[in-house]
Amino acid sequence: MTRKKLYWQLPFLLLLMIGSVIVIYQQQNTPYQHNTGKIFGTTYNISYQSDQNLHKAIVEELTAVDQSLSMFNDSSIISQINQGQEPDIHGTMFEEIFQLAQEISAATDGAFDITVAPLVNAWGFGFKVGKMPTHEELDSLRQLVDYQKLELKKEGRKIFVHKAVKGMMLDCSAIAKGYGCDRVAKLLKHHDIKNYMIEIGGEVITHGNSDKQKSWRIGITRPTSDSLPEGQELQAVLSVNNRAMATSGNYRNYYYKNGRKYAHTIDPKTGLPVQHNILSATVLAPSCAIADAYATAFMVMGLERAQKILQRHPELCAYLIYTDAKGNYATWASKELEQHVLQHL
């Protein structure tokens, strides 16, 4: 009886083996598409294994994100809100990212806060104003910065953002690039694409393998202020598979005035550019929007507070670069992230 069952099973096993060989052959021979361009004031590089070039659809998806979250697009939802309007955000990308931003703000005790725009602008980042803010100006602007002063209100089917203080401005630049990566990943998954790498302005999300049939390898830039994009030094190389990764640092976007360095990361509570020993925060998370937001929050918090947050959030892991007591570069990594490190440079 057992032998008869085996005879019946052999054809099915043979078909399964043949099918597996065909699938592997097709995967190895399907080309990788490489799409590049500019969005959100930065560049994107997207590689994916597919017979079909989806660049047009990708551009449409990224343009839709820009139409929701770009402060530099006068017709975007966020621009309308900043202009004092109350557009209907029900079912929009903006509603999704607003709710996520509020959750992360609460989890980080306000270190991440999308209402920080007035302070960012006052210090000469964002919409540059070209002069240093006074203490009185900062005290006044800080009244406009607090994520808890925002809430969603509903009128019929309409949902809109209500500001408790008139003049508040929103800035999603610390989460938009990551969210853009997530939206493109969703698009590729919709087309049943299993191997891809999406990078927008340094934020990355990967799935499956690269065209070398290996896990995607992503470099972490060494935070040297004089490094140019075409000649960046790497601090480490990570093997990233089916994860999202984002990096925030004060070593590229800064300026000097009266002999003092001012970095673009602003502490929403003090109103001042952050001044501590952490130079770069790289975060791995389930989504790139989450990784993007927490990377910014960790830059505001500093090393010790960031480590405490990571202890409370096992879904996150991080690679932090900082200066030690002697002024030398030092690194700290979550235990889980250490498994991804291929090489320390």
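Since this is a predicted model, take the numbers as computed values, not measurements.

Calculation notes
- Residues numbered from 1 in each chain as written.
- Predicted model: local features only at pLDDT ≥ 70, side-chain atom pairs only at ≥ 80, totals over all residues.
- Heavy atoms only, no water.
- Helix = DSSP H or I, 4+ residues; strand = E, 2+ residues; numbered from the N terminus.
- Contact = heavy atoms within 4.5 Å.
- Buried < 20%, exposed > 50% of the residue type's maximum accessible area, 1.4 Å probe, protein only.
- Core = buried A, V, L, I, M, F, W, Y, C linked by side-chain atoms within 4.5 Å.
- Pairing = 2+ DSSP bridges.
- Axes fitted to C-alpha atoms, helices over the stretch in contact; angles between N-to-C directions.
- Parallel < 35°, antiparallel > 145°, perpendicular 65-115°, else oblique.
- Left-handed = near helix turned anticlockwise from the far one by under 90°.
- Nonpolar A, V, L, I, M, F, W, Y, C, P; charged D, E, K, R; others polar.
- Salt bridge = Lys/Arg side-chain N within 4 Å of Asp/Glu carboxyl O.
- Expected span 1.5 Å × (residues − 1).
- Arc of directions from axis to C-beta.

Section: the overall build of the protein
Looking only at helices and strands, the protein has 10 helices and 15 strands in total. Across the protein, the fraction of contacts at a sequence separation of at least 24, relative to all contacts at a separation of at least 6, is 60%.

A look at the environment of Y319
When you line up the elements, Y319 lands in strand β13 (residues 317–323). A relative accessible area of 1% places Y319 in the buried class. Sequence separation between Y319 and L284 is 35 residues; the distance between their C-alpha atoms is 8.6 Å.

Considerations on the nonpolar core
Grouped together as the largest cluster of nonpolar side chains are 55 residues, with contacts concentrated most on F94, F112, V283 and F298. F298 has contacts with I278, A281, V283, A306, I309, L310 and A318, leaving out every residue within four places of it along the chain.

Description of the sheet that holds strand β14 (residues 329–333)
One open sheet accounts for eight strands, arranged β1-β2-β5-β6-β9-β12-β13-β14; its pairing is antiparallel. Among the strands making up the open sheet, the edge pair consists of β1 (32–39) and β14. Each strand of the sheet is rotated relative to its neighbour by a mean of 10°, with strand direction disregarded. The strands touched by helix α7 (residues 173–190) within the sheet are β2 (42–49), β5 (196–200) and β6 (203–207), with β5 carrying the most contacts at an inclination of about 155°. The sheet contacts of helix α9 (residues 303–312) involve β12 (278–285), β13 and β14, and relative to β13 the element is tilted by about 170°.

Considering the packing of α7 against helix α8 (residues 288–301)
Close contact between α7 and α8 brings their axes to 7 Å; oriented N to C, the two are set at 160°. By the angle class used here, α7 and α8 are roughly antiparallel. Crossing hand, α7 versus α8: right-handed. Taken together, the residues of α8 that come into contact with α7 (itself represented by A174, I175, A176, K177, G178, Y179, C181 and D182) are C288, A289, D292, A293 and T296. A breakdown of the residues in the contact of α7 with α8 according to their chemical character gives eight nonpolar, two polar and three charged.

Focus on unusual backbone geometry
The backbone of F40 shows a phi angle near 55°, a positive value even though the residue is not glycine. Relative to the helices and strands, F40 is located in the loop between β1 and β2. Positive phi, normally seen in glycine, also occurs at D192, with a value near 60°.

Re the pattern of salt bridges
Within the structure shown, the criterion is met by seven salt bridges. Its salt-bridge partner being D139, residue R142 comes within 3.4 Å of it at the nearest N-O pair. One end of the pair is R142 and the other is D139, both in helix α6 (residues 135–142) and three residues apart, which spans about a single turn. D192 serves as the salt-bridge partner of K194, at 2.8 Å between the closest nitrogen and oxygen. Under the relative-accessibility criterion, K194 is labelled partly exposed at 46%. A residue is classified by how much of its surface remains accessible, and D192, at 55% relative accessible area, is exposed. Several salt bridges share partner residues, and in doing so they unite E61, E96 and R183 into one network.

Details of helix α2 (residues 55–69)
Between its terminal C-alpha atoms α2 stretches 21 Å, which fits the 21 Å expected from 15 residues at 1.5 Å a residue. Those residues of α2 that sit buried are I58, E61, L62, V65, D66, S68 and L69. Each buried residue of α2 lies within a common arc of 165° when the element is viewed along its axis, so the set occupies one face. Of the surrounding secondary structure, the elements contacted by the buried residues of α2 are β1, β2, α3 (77–82), α4 (93–107), α7 and β5.

Considerations on the packing of α4 against α8
When two helices pack together, their arrangement is given by the angle between the helix axes and by the axis-to-axis distance. Closest axis-to-axis distance for the α4/α8 pair is 11 Å, and the angle between their directions is 40°. Classed by the angle they form, the pair α4 and α8 counts as oblique. Note on packing geometry: the crossing formed by α4 with α8 is right-handed. Judged by residue contacts, I97, L100, I104 and A107 of α4 engage A289, I290, A293 and Y294 from α8. Grouping the amino acids of the contact of α4 with α8 by side-chain chemistry returns eight nonpolar, no polar and no charged.

A closer look at α7
With 18 residues, α7 extends 26 Å from end C-alpha to end C-alpha; this agrees with the ideal 26 Å at 1.5 Å per step. When you tally the buried positions in α7, you get 13 out of 18 residues, the bulk of the element. D192 sits one or two positions beyond α7 and adopts a positive phi of about 60°.

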